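Structural features, examined
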Amino acid sequence: MGKTVLVIAEQKDQKLRQVSLEALAAARQLAGDGGNIVSVLVGDNVDAAAQQLADHEQSQVVCVTADILVSYEAEHYFAAVQPVIDEVKPDIVILPHTASGRDLAPKIACHLDAGQISDVVAIEAVGEDVTFKRPIYAGKAFETKRFLTGPWVVTIRPNNLQADATNGAAAPIVKRTYTEPTPVRSQVVDVQRKSGDTRDLTEAKVVVSGGRGVRSADGFAPLAELAEVLDGALGASRAACDAGYCDYSLQIGQTGKVVTPDVYIACGISGAIQHLAGMSQSKLIIAINKDGEAPIFDIADYGVVGDLFEIVPKLTEKLRDK
Ligand code: FAD
């Protein structure tokens, strides 16, 4: 018998995040024959994102909108999804393993008295037997887990599962007005945005990343050019951020963002374990480092021993010519 799966979809700046479609694909895999899939999207002015979600076959998309939901805030987002959870009574809830998904998932698990498996990178389903693969020890090993009882709450790491491509009849969009919890205990007062590249690092297919070897803020310019040619995003090691070469929003690693792009180009990065924690699951790793003994070469698929200031501009030029 099929299962009822609730997808907590995510948008950023009113645009549907790609990981929402990856969560929908996971839902399709887990719902099984005769299953029921419902998605919920929370935000302000997110009609276009809801429509994009609804273009993928499912029972319905529930859209909860209000001015106050413009930015993620745990108390409000949970209050927005809770009535949907209570109505749908899901066997399984799937969320993106993003900053907000990681925050919201345990609240939902607690509400449902459910078990939770986080940061899933692969789902294996053989009949009723479903297992979830997730990295542990900062990506040095994997573990495979299964639930013993329901309901299940699962968070999936962006860029690992194939996004849902199932078209068909558009699903109905049900709009819900938001009722604030009483009392409201917290509130987002101000959101300060960095100007510049707004590309989402965690969803980029290509990441060009710089470390201490980049030597200055200006040193990031050739990396930014390479990223632009490859339609990718710029990342950094913590040492580069600490040195003030770039903003902390670019930091990748144990205390930064976790990325799993198709291609990760590490420039002037030694490959400390804390950095690897954020990028070692990338599908193809290219390292450029003038020290042939740098540990980054141990996990790189391709390595170039040399000066990044010579190699990166040449690479950009070649790719531009293509
Ligand atoms: P370095 O280790 O100094 O390496 C610089 C590299 O650049 C060298 O290999 C050098 O050969 C090369 N180089 C220099 N000049 C050139 C050139 N012209 N061309 C090519 N190569 C050149 N780090 C993170 O990145 N992310 C994290 O989230 C993170 N979290 C941490 C959490 C904790 C609790 C701790 C203790 C540390 C954490 N760190 C993190 C820091 C981590 O341990 C390393 O210090 C850091 O990753 C090193 O950054 P790096 O590789 O840029 O610098």
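Residues numbered from 1 in each chain as written. Predicted model: local features only at pLDDT ≥ 70, side-chain atom pairs only at ≥ 80, totals over all residues. Heavy atoms only, no water.

Describing the site of the ligand
Lining the immediate surroundings of the ligand are 26 residues, of which R212, S237, T255, S270 and N289 lie closest. At 2.8 Å from an oxygen atom of the ligand is found a side-chain nitrogen or oxygen belonging to Q274. Of the residues belonging to the shell around the ligand, the class tally is six nonpolar, 14 polar and six charged. (Near = heavy atom within 4 Å. Polar contact = N/O pair within 3.5 Å; in protein donor to acceptor, adjacent residues only side chain to side chain. Nonpolar A, V, L, I, M, F, W, Y, C, P; charged D, E, K, R; others polar.)

Looking at the layout of surface pockets
Taken as a whole, the largest pocket spans an internal volume of roughly 1,500 Å³. Taken together, 47 residues line the largest pocket, and the ones lying closest to its centre are K12, R17, R193, D200 and K257. Mapped onto the lining of the largest pocket, the elements with two or more residues apiece are β2 (11-12), β6 (92-96), α4 (99-112) and β14 (233-236). Its residues assigned to classes, the lining of the largest pocket comprises 18 nonpolar, 14 polar and 15 charged. (1 Å grid on protein atoms, 1.4 Å probe; cavity = no way out; pocket = protein on both sides within 12 Å on 5 of 7 lines; lining within 4 Å. Points joined across faces, edges and corners; volume = space filled by probe spheres on them. Helix = DSSP H or I, 4+ residues; strand = E, 2+ residues; numbered from the N terminus.)

Regarding unusual backbone geometry
Omega for the peptide link from G150 to P151 comes to -10°, which places this bond in the cis form. Mapped onto the fold, P151 is located in the loop between β10 (141-145) and β11 (152-156). In this structure, P183 follows T182 across a cis peptide bond, with omega equal to -10°. Considering the arrangement of structural elements, one finds P183 in the loop between β12 (173-177) and β13 (206-210). One non-glycine residue with positive phi stands out, namely D13, at about 50°. For D13, the location among the structural elements is in the loop between β2 and β3 (15-16). Although it is not a glycine, N159 adopts a positive phi angle of roughly 75°. Here N159 lies in the loop between β11 and β12.

Observations concerning the sheet that holds strand β9 (residues 129-136)
As summarised here, the arrangement of the three strands in space is β8-β9-β10, forming an open sheet in which the pairing is antiparallel. At either end of the open sheet lies a strand with only one pairing partner, and these are β8 (122-126) and β10. Across this sheet, the average inter-strand angle for adjacent strands is 20°, counted without regard to direction. Taken together, the five bridges between β9 and β10 define a ladder with antiparallel strand orientation. When the sheet's bridge partners are listed, K133 is paired in β10 with T144. Sitting on the sheet, helix α1 (residues 18-31) touches β8 and β9, and the angle it makes with β8 is about 15°. (Pairing = 2+ DSSP bridges. Axes fitted to C-alpha atoms, helices over the stretch in contact; angles between N-to-C directions. Contact = heavy atoms within 4.5 Å.)

Focus on the packing of aromatic side chains
Applying the stated criterion to the full structure yields four aromatic pairs. A network of ring pairs unites the aromatic residues F132, F147 and W152 as a single cluster. (Phe/Tyr/Trp six-rings, centres within 6.5 Å; stacked < 30°, edge-to-face > 60°.)

Quick word on the confidence of the model for the protein
Mean pLDDT over the protein works out to 94, with 98% of the residues at or above the 70 mark. The ipTM, which scores confidence in the relative placement of chains, is 0.99 for this predicted complex, and the corresponding pTM is 0.86. (pLDDT = per-residue confidence, 0-100.)

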